[in-house]
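Listed here are the chains, written in short residue letters.
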Amino acid sequence: IKRSPTTRALVENVILHCMTGIDSNPPRRLEWAQVKVRNYDPDTDNYLRGDIVTFNSYKTFKTYGRQIVTIDPKTMRTVRKLIKQSESDYLLTTVTGRGPMSASQLSSRLGSIFQNPKVGIDVIRSTYITHVFRGAPGLSAAEELATAMGHSAATAQLHYRKL
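Residues numbered from 1 in each chain as written. Predicted model: local features only at pLDDT ≥ 70, side-chain atom pairs only at ≥ 80, totals over all residues. Heavy atoms only, no water.

(A) View of a positive patch on the surface. Side chains of Lys-2, Lys-74, Arg-77, Arg-80 and Lys-81 sit close together on the surface and give a patch of like positive charge. The residue Arg-80 is located in helix α3 (residues 73-85) in this model. (Patch = residues over 30% accessible without salt bridge, like charges linked within 9 Å, V, L, I, M, F, W, Y side chains within 5 Å. Areas by Shrake-Rupley, 256 points an atom, 1.4 Å probe, with all protein chains shown as cover. Salt bridge = Lys/Arg side-chain N within 4 Å of Asp/Glu carboxyl O. Lys, Arg positive; Asp, Glu negative; His and termini not counted. Charge placed at Lys NZ, Arg CZ, Asp CG, Glu CD. Helix = DSSP H or I, 4+ residues; strand = E, 2+ residues; numbered from the N terminus.)

Given below as structure tokens:
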């Protein structure tokens, strides 16, 4: 980003930080594609206000309800640069920087970042769960992690792979 602070570089940095579990938050599904930074409805949209992302729309919303994620300060510096550069209402935009990124475009972008089209959100989530479960967390910790990822503990167990 220091060498090339383009919108594309900023978007890819935010994708890596928000979707891979690099920082404190576990990776979620592709609902990051719908996070708005402007002109949002706080009751129905996924949106960013300050350093808080509120998820009102995601696959298992009916089960888990509204979820809140805090973006770490380092990532927020990049997010603020991105918002300043972009005119879009959405946090993540297409390569042109004009329109919102669809879930399939986000998945493709992940593959291009890792230079492997087979790397998508399912691989990232499975890898993350496997890494965390290596330490054999207790049942409550496993349930807490699963909920933060927007799925059940049973689903987390399905994705867990012993090394």
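(B) Representation of the sheet that holds strand β4 (residues 67-70) within the structure. Strand order in the open sheet formed by four strands is β1-β2-β3-β4, with mixed pairing between adjacent strands. Each edge of the open sheet is held by one strand with a lone partner, namely β1 (35-36) and β4. One ladder, built from two bridges, connects β1 with strand β2 (residues 46-49); its direction is parallel. Residue pairing in the sheet places Lys-36 in a bridge with Tyr-47 of β2. (Pairing = 2+ DSSP bridges.)

(C) Structural view of the nonpolar core. Ranked by size, the top nonpolar core spans 29 residues in total, and within it Ile-15, Met-19, Trp-32, Leu-91, Leu-92 and Leu-106 carry the most contacts. Those elements that provide at least two residues to this core are α1 (7-19), β3 (52-55), α3, α4 (103-113) and α5 (121-133). Broken down by element, the residue count for this core peaks at six residues, all from α1. Once you skip the residues sitting within four places of it in the chain, Leu-91 turns out to touch Val-14, Trp-32, Val-35, Val-37, Val-79 and Leu-82. Counting residues in hydrophobic clusters, the runner-up holds five residues, among them Tyr-128, Ile-129, Phe-133 and Met-149. (Core = buried A, V, L, I, M, F, W, Y, C linked by side-chain atoms within 4.5 Å. Buried < 20%, exposed > 50% of the residue type's maximum accessible area, 1.4 Å probe, protein only. Contact = heavy atoms within 4.5 Å.)

(D) How the structure looks around the pairing of β3. By the bridge criterion, three bridges tie β2 to β3 in an arrangement that is antiparallel. Each bridged residue has a counterpart across the sheet, and for Arg-49 the counterpart in β3 is Ile-52. Hairpin connection from β2 to β3: two residues lie between these consecutive antiparallel strands, with Gly-50 at a positive phi of about 65°. Relative to β4, β3 runs antiparallel, the two sharing four bridges. Pairing of Ile-52 across the sheet is with Thr-70, part of β4.

(E) Fine view of unusual backbone geometry. With a phi angle near 50°, Asn-39 is a residue other than glycine that sits in the positive phi range. As for its position among the elements, Asn-39 is in the loop between β1 and β2. For Gln-115, which is not glycine, the phi dihedral falls at a positive 55°. Structurally, Gln-115 can be placed in the loop between α4 and α5. According to the relative accessible area criterion, Gln-115 is exposed, its value standing at 75%.

(F) Inspection of the packing of aromatic side chains at higher detail. Within the structure shown, the criterion is met by three aromatic pairs. Note on Tyr-40 and Tyr-47: the rings are 4.4 Å apart at their centroids and 10° apart in plane angle, and the pair reads as stacked. One residue, Arg-28, lies across the ring of Phe-55, its end atom 4.1 Å from the ring centre. If you follow Arg-28 out to its NZ or CZ, it ends over the ring of Tyr-58, 4.9 Å from the centre. (Phe/Tyr/Trp six-rings, centres within 6.5 Å; stacked < 30°, edge-to-face > 60°. Lys NZ or Arg CZ within 6 Å of the ring centre and 35° of its normal.)

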